[in-house]
Amino acid sequence: MKTSVGKTRNKSVSKAMFDPLVDDLELSVKEMSLLISFLNTLNDDNFDKEIPTSVPSGLPVGGSIH
């Protein structure tokens, strides 16, 4: 499986570990870079971790944020 121009998937990660929906995913270097940049924003330790008492949708609040 190609993941970007001239690059192949990590040999340490077995094909069985890939989601079947992304099995044939082919990303350009730019697309992969944008995706990695987005994923890195999820690692920010400065985001607000307080669990709200309510949400705009009115659905019950849940989850475990640590």
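Residues numbered from 1 in each chain as written. Predicted model: local features only at pLDDT ≥ 70, side-chain atom pairs only at ≥ 80, totals over all residues. Heavy atoms only, no water.

## Some remarks on the overall build of the chain
Logical step 1: A count of helical and extended segments in the chain gives 1 helix and 2 strands.
Logical step 2: Out of the 66 residues in the chain, the part that is buried amounts to 3%.
Logical step 3: Counting only contacts in the chain whose residues sit at least 6 apart along the sequence, the fraction spanning at least 24 positions is 26%.
Logical step 4: As displayed, the chain has an accessible area near 6,100 Å², and 59% of this comes from carbon and sulfur atoms. (Helix = DSSP H or I, 4+ residues; strand = E, 2+ residues; numbered from the N terminus. Buried < 20%, exposed > 50% of the residue type's maximum accessible area, 1.4 Å probe, protein only. Contact = heavy atoms within 4.5 Å. Areas by Shrake-Rupley, 256 points an atom, 1.4 Å probe, with all protein chains shown as cover.)

## Some words on the confidence of the model for the chain
Logical step 1: For the chain, per-residue confidence averages 78 on the pLDDT scale, and residues scoring 70 or more make up 79% of the total.
Logical step 2: Considering each helix and strand of the chain separately, the mean pLDDT is smallest for strand E1 (residues 2-4), with a value of 54, and largest for helix H1 (residues 29-41), with 89. (pLDDT = per-residue confidence, 0-100.)

## Remarks on a nonpolar patch on the surface
Logical step 1: Where nonpolar side chains cluster on the molecular surface, the patch consists of Leu35, Phe38, Leu39 and Leu42 and spans about 380 Å² of accessible area.
Logical step 2: Tracing the backbone shows Leu42 in the segment after H1.
Logical step 3: According to the relative accessible area criterion, Leu42 is exposed, its value standing at 51%. (Patch = residues over 30% accessible without salt bridge, like charges linked within 9 Å, V, L, I, M, F, W, Y side chains within 5 Å. Salt bridge = Lys/Arg side-chain N within 4 Å of Asp/Glu carboxyl O.)

## Here's the deal with the environment of Ser57
Logical step 1: Along the chain, the position of Ser57 falls in the segment after H1.
Logical step 2: Here Leu59 takes part through its backbone nitrogen, which lies 3.2 Å from a polar atom of the side chain of Ser57. (Polar contact = N/O pair within 3.5 Å; in protein donor to acceptor, adjacent residues only side chain to side chain.)

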